[in-house]
Structure formats: C-alpha cells, structure tokens
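Results of the structural survey
Chain residues, written in single-letter form:
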Amino acid sequence: MTMQNDHRLLRGPLFTCLDDPGEDAVPLAGATRYLEDGAIWIVDGHIHAVEPFDALVDRLPPGIEIVDYRDKLMMPGFIDSHVHYVQLDIMASYGRELLDWLNDYTFPAECRFADAEHARAGAERFLDEMLRVGTTTAQVFCSSHPISVDSFFAAAQSRQLRMIAGKVLMDRHAPDALTDDTLGGVRDSERLIADWHGRDRLDYTLTPRFAPTSTREQLDAVGGVLRNAPDLYLQTHLSENRGEIAWVAELFPESRDYLDVYERHGLVGPRSTFAHGIHLNGEQRRRLAQGGANIAFCPTSNLFLGSGLMDRLACREAGLMTSLASDVGGGTSLSGLGTLQGAYQVGALLGQALTGWQGFYRLTLGNARALHLDDRIGSLQPGFEADIAVLDPRSTPLMARRLSQATTLSERLFAMMMLGDDRTVAATWANGRLVHQRDATAA
Ligand code: GUN
Ligand code: ZN
C-alpha cells in the first residue's frame, strides 16, 4: 500500500460493538470495545486498522492526514431500518390515528413526488438531514412514482452512501395519483431493480405499502419477484394499529391473521422488514422468527400516532430480531438518538428500560445484522466500510455539565443517548469521506 491510496487517520476516543452486549447493566464480555485515545486508519473508504493511537503511530505512512477528534467520541455511523423520505414535509402533522393520518396528510404529500424536481430536491434535503444526525444507512420508502426512487438512488450514489430503497406498491385504497396498475407497478419495480440493485453501495427493497393497499394479485407478483431474486430486500408494515388490523381481517377473510396475508404470498423471509409489529402474539412472533424476518421498532412513531407499545423483549424471547427505526413522517425525530429516547420511554412503560449499551448496539451493529450488512457496516473493524458518526459530549452546556458528573462509560453513553440530538453530531463520515460537519453548516 502506498500513499497513492487515499489514507486518513481519525484520532480520538471511540466506542463500537463487536457483538450484542445483552440487556443487563454490564455488557457481555467481549461485546463492546472502547479506546480512550483510539485511531481509525482509513484507506480508500475502508477501515484499515482500529487501535490505540500509540500502537499505530509508528506504522503510519509519512504525511498522512490526521483528524483530531480527541475531545469527541467516534462510533459507527447510525442505521435506520425504516423511514419514508417522502414524508419529511408532514412530520408533526397534528393528531390523528394511522388510517386518518395516511389519508389526510401522507397521501397528499406523496402525490407531489410525481414531479422530478420535487423528488430530486426532496431526496437531497432528506439526505442532508440524515447526515446531520449521524445516520449513514437507511432502508427507505419512496413514493409510488419510479422517479422518486431514481432521484433518491442518484442522490445517495453521488454522496457514496450505503442505502436501501424501494418504490411503494399500491393498487387499491389510495388516491388515483398514487395507485399502480397491479402488474405495472411490479414491472416498474423490476426496472428499478435492474438499474440500481447492487450498484455501488445501493440495494433495492420491494415495498408493498401494507396489505390493505395491495390486491392478492399484486402481493403474489411481489412474492414471485422475491422468490426469483432472494438477495432483494422486502419492507412493509404489519400490525401497527387496531383499526388497521380489523380492516385487514375484512379484506382477507381467508387469512387466519394479518401476518398470514404476507406468509401466503411468500413475503416473510430473512431479508424482510415488517415495520411496527406491535399487536402480535407469541405464536406470530415465532412464525416471523422462523422466517428470519425482523420487526422495525419505531418508538417515536408509535407514541405519536398512539399505536401502542412494542414489546421488544417478547420479540427477543421468541428469537425474533428487532431493528430500530425512525419511521419519519410518523416518527417525530429523524435522529437515531431521538429514536433511542423513544425506545427507552416505551421500554420504561413496559418494565424493560433500555441500557446505553443495548441502545447504541441497536443503532449500529444490531441494525446492520437485521439488514444482513454486518460484514460491512455497523462496527469499527478492519475491512469494514468507513461510515462514522463523531459525537460531541459537550454539544450543549447541559450535556457538558451532565457528563462531567458521570464517572463510568456506561453512564456517559446513557446520558448522551437520553440528552442527544442533532447538535450532538459534530461530524459524519461516509465511505471514508467527510459528509457533514456541524460547525460548518451552523455557520
Ligand atoms: N402503514 C401504511 N403506510 C404507512 C405509513 O406511511 N406510515 C406508517 N407509520 N404506517 C403505515
Ligand atoms: Zn412506515
């Protein structure tokens, strides 16, 4: 390796998970790594070494750029397993439950993404916001318009981001402007797959919105695409709201429950993400676990729409993976830290409060595992892609004061998780490049 490669060193405290630290106050041995004066050596967008600075300093090529983050805390870039980029403009729209909220706010906002310029600007705005909160990877719902997907992938590609996205499929129970021709929508998805899936750092996720807005024929066709290309992802919604569940029972009387609708059409597999999954019983959780799927836990959305409290530990007991997600525009925060605050609050109400260890695991390696990306992102290890969130423990006077009172790493992580927001993210790196710097954008 010569200096013709692109070398860079980020120096400072760093925290990463190597495995699931468990739910206890003390993390499982070997699951976490913290270096007080650490260094991440980046070569050509990948992590080459992660070691104490002193152990690396003699091996560095002469003239290497060293970025000094000694008063910060470096972590893997955050991951959001379920978010709607086309709903940014309707975040915090007042007070409705799911089905009214969809009709009154969401569908009108998504109609605007038929326009190429609106989609292009919306994608750029969304990615600016993601990077401002340290999120470098997300699984994203676009709208039903193929142009919304092309625009999103083009914007993510030019920033060298790892992103998963898909075109919403709906062939009923939505405004005409958002409704597909049953098989035409699937053909549009196939064109988008051919153009974007596996290109650079981008992957495609089949996106039937939820059972009520697709006919059996459309769900069947989606299942067919997935069977032929099992490396594709699939995302949809499941058992979020009681009115929604009753509607699914009416629309699909042949199915024994909501999950069965997806099972019948071959949509429950290891690369399937089901958003919410609040109102499930133990048997349904086991069925999902058997399929290898994951539930995207979207706490701020569940609280905002009054959908219910997701029982994360019941999922764990059933062997069902959960991921962590903002679900913006239902969610009230795009920030992974904001999402963790919601997860803590939901957990507290269920007697299963989240530790800082488990919280940051979920936001990074846990989400990478749920999305089968844990050989590339979610941890600071040699060979991984260099996606990094740089947190500032003194981002506000209050946080600085609180952390000055904390005596252990456990306490510091927890206080940062509970008090943090976009101001906490001093910088974001993706593919070894600086893609957000707080002080630059604040000015
Ligand atoms: N169920 C179907 N569509 C949506 C959506 O856009 N947001 C949420 N939270 N739930 C849904
Ligand atoms: Zn959603």
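Residues numbered from 1 in each chain as written. Chains lettered and ligands numbered in written order. Predicted model: local features only at pLDDT ≥ 70, side-chain atom pairs only at ≥ 80, totals over all residues. Heavy atoms only, no water.

With respect to the nonpolar core
Ranked by size, the top nonpolar core spans 100 residues in total, and within it Tyr 85, Phe 126, Phe 152, Leu 288 and Phe 360 carry the most contacts. A total of six residues in this core trace back to one element, the largest contributor, which is helix H3 (residues 116-132). The contacts of Phe 360, once residues within four sequence positions are left out, are Phe 15, Met 75, Phe 78, Leu 337, Leu 340, Leu 391, Leu 413 and Met 417. Grouped together as the second largest cluster of nonpolar side chains are 17 residues, Leu 35, Ile 47, Phe 384 and Ile 388 included. (Core = buried A, V, L, I, M, F, W, Y, C linked by side-chain atoms within 4.5 Å. Buried < 20%, exposed > 50% of the residue type's maximum accessible area, 1.4 Å probe, protein only. Helix = DSSP H or I, 4+ residues; strand = E, 2+ residues; numbered from the N terminus. Contact = heavy atoms within 4.5 Å.)

Considering the coordination of the zinc ion (ligand 2)
Distances from the zinc ion (ligand 2) to its protein donors, namely His 82 (NE2), His 84 (NE2), His 237 (NE2) and Asp 327 (OD), fall within the range 2.0 to 2.2 Å. Taken together, the four donor atoms coordinating the zinc ion (ligand 2) and their angles of 87 to 161 degrees define a geometry best described as irregular. For the zinc ion (ligand 2), all donor residues lie on one chain, and their spacing in sequence is H-x1-H-x152-H-x89-D. Taken as a pair, His 84 in strand S6 (residues 78-84) and His 237 in strand S11 (residues 233-238) lie far apart in primary sequence, 153 residues in all. (Donors = N, O, S within 2.8 Å, 3.2 Å for Na, K, Ca; no water. Tetrahedral: all angles 85-135°; square planar, octahedral: opposite > 155°, others 65-115°.)

Focus: the pattern of salt bridges
In the structure shown here, the tally under the stated rule is 36 salt bridges. Asp 20 is the salt-bridge partner of Arg 316, the closest N and O atoms lying 3.1 Å from each other. Residue Arg 316 is located in helix H11 (residues 312-317), and its partner Asp 20 is located in the loop between strand S1 (7-17) and strand S2 (32-43); the two are separated by 296 residues in the primary sequence. When its relative accessible area of 32% is taken as the criterion, Arg 316 is described as partly exposed. A relative accessible area of 15% means that Asp 20 is categorised as buried. The residue Arg 216 makes a salt bridge to Glu 254 at a minimum N-O spacing of 2.7 Å. Pair noted here: Arg 216 is in helix H6 (residues 216-228) and Glu 254 is in the loop between helix H7 (242-251) and helix H8 (258-264), with a separation of 38 residues, a long-range link. Under the relative-accessibility criterion, Arg 216 is labelled partly exposed at 31%. Overall, Glu 254 belongs to the partly exposed group, its relative accessible area being 34%. Connected via shared salt-bridge partners are Asp 20, Glu 23, Arg 312, Arg 316 and Arg 362. (Salt bridge = Lys/Arg side-chain N within 4 Å of Asp/Glu carboxyl O.)

With respect to the packing of aromatic side chains
For the coordinates displayed, the defined rule picks out 12 aromatic pairs. With centroids separated by 5.6 Å and ring planes inclined at 35 degrees, the aromatic side chains of Tyr 258 and Tyr 262 adopt a geometry described as tilted. With Tyr 258 and Tyr 262 both in helix H8, this residue pair falls four residues apart, about one helical turn. Feature note: the residues Tyr 85, Phe 113, Phe 126, Phe 152, Phe 153, Trp 196 and Tyr 204 constitute an aromatic cluster, connected by ring pairs. (Phe/Tyr/Trp six-rings, centres within 6.5 Å; stacked < 30°, edge-to-face > 60°.)

Some details on the site of ligand 1
By nearness alone, every residue bordering ligand 1 is listed as His 84, Gln 87, Leu 98, Trp 101, Leu 102, Arg 209, Phe 210, His 237, Glu 240, His 276 and Asp 327. Arg 209 is positioned with one of its side-chain polar atoms (N or O) 2.7 Å from an oxygen atom of ligand 1. Between ligand 1 and the protein, one listed contact pairs a nitrogen atom with a side-chain N or O atom of His 276 at 3.5 Å. For ligand 1, the protein covers 100% of the area, taking 270 Å² as the surface of the free molecule. It is helix H2 (residues 98-111) that provides the largest number of residues to the shell around ligand 1, a total of three residues. (Near = heavy atom within 4 Å. Polar contact = N/O pair within 3.5 Å; in protein donor to acceptor, adjacent residues only side chain to side chain. Areas by Shrake-Rupley, 256 points an atom, 1.4 Å probe, with all protein chains shown as cover.)

With respect to helix H4 (residues 146-158)
Note: α-helices contain 3.6 residues per turn, so residues at a spacing of three or four share the same orientation. With 13 residues, H4 should cover 18 Å at 1.5 Å per step; its first-to-last C-alpha distance of 18 Å lies within 8% of that length. Looking at the buried positions of H4, the neighbouring elements they touch are H3, strand S7 (135-141), strand S8 (163-166), helix H5 (182-196) and strand S10 (202-208). After H4 finishes, the residue Gln 160 shows a positive phi value of roughly 60 degrees. (Expected span 1.5 Å × (residues − 1).)

Quick look at the UniProt feature "domain: Amidohydrolase-related" (unreviewed entry) in the protein
The positions UniProt marks with the feature "domain: Amidohydrolase-related" (unreviewed entry) are residues 74-435. Secondary structure within residues 74-435 divides into 44% helix and 17% strand; the distance between the first and last C-alpha atoms comes to 15 Å. (UniProt positions renumbered as here; feature names shortened; annotations may be inferred.)

As for the environment of Ser 255
By the secondary structure assignment, Ser 255 is in the loop between H7 and H8. Given the relative accessible area of 12%, Ser 255 is considered buried. Leaving out residues up to four positions away in the same chain, Ser 255 has contacts with Asp 260, Val 261 and Arg 264.

Side note on the pairing of S7
Burial of S7 is extensive: seven of the seven residues sit out of reach of the surface. Across three bridges, S7 lies against S8 in parallel orientation. Of the residues in S8, the one forming a bridge with Phe 141 is Gly 166. What joins S7 to S8 is H4, and the crossover it makes is right-handed. (Pairing = 2+ DSSP bridges. Right-handed = clockwise from strand over helix to strand, strands pointing away.)

What about the pairing of S2?
Looking at chain direction, S1 and S2 are connected through 10 bridges and run antiparallel. The residue of S2 that forms the bridge with Thr 16 is Arg 33. Across six bridges, the pairing between S2 and strand S3 (residues 46-52) is antiparallel. Within S3, the position partnered with Val 43 by the bridge is His 46. Once S2 ends, the chain turns through two residues before running back antiparallel as S3, passing Asp 44 with a positive phi of about 50 degrees.

Quick notes on the packing of H4 against H5
Between H4 and H5, whose axes approach to 10 Å, the crossing angle comes to 15 degrees. With respect to H5, the element H4 is oriented roughly parallel. Crossing angle aside, the handedness with which H4 passes H5 is right-handed. On the side of H4, the interface is formed by Pro 146, Val 149, Asp 150, Phe 153, Ala 154 and Gln 157, while H5 contributes Asp 188, Arg 191, Leu 192 and Trp 196. For the contact of H4 with H5, the class distribution of residues is six nonpolar, one polar and three charged. (Axes fitted to C-alpha atoms, helices over the stretch in contact; angles between N-to-C directions. Parallel < 35°, antiparallel > 145°, perpendicular 65-115°, else oblique. Left-handed = near helix turned anticlockwise from the far one by under 90°. Nonpolar A, V, L, I, M, F, W, Y, C, P; charged D, E, K, R; others polar.)

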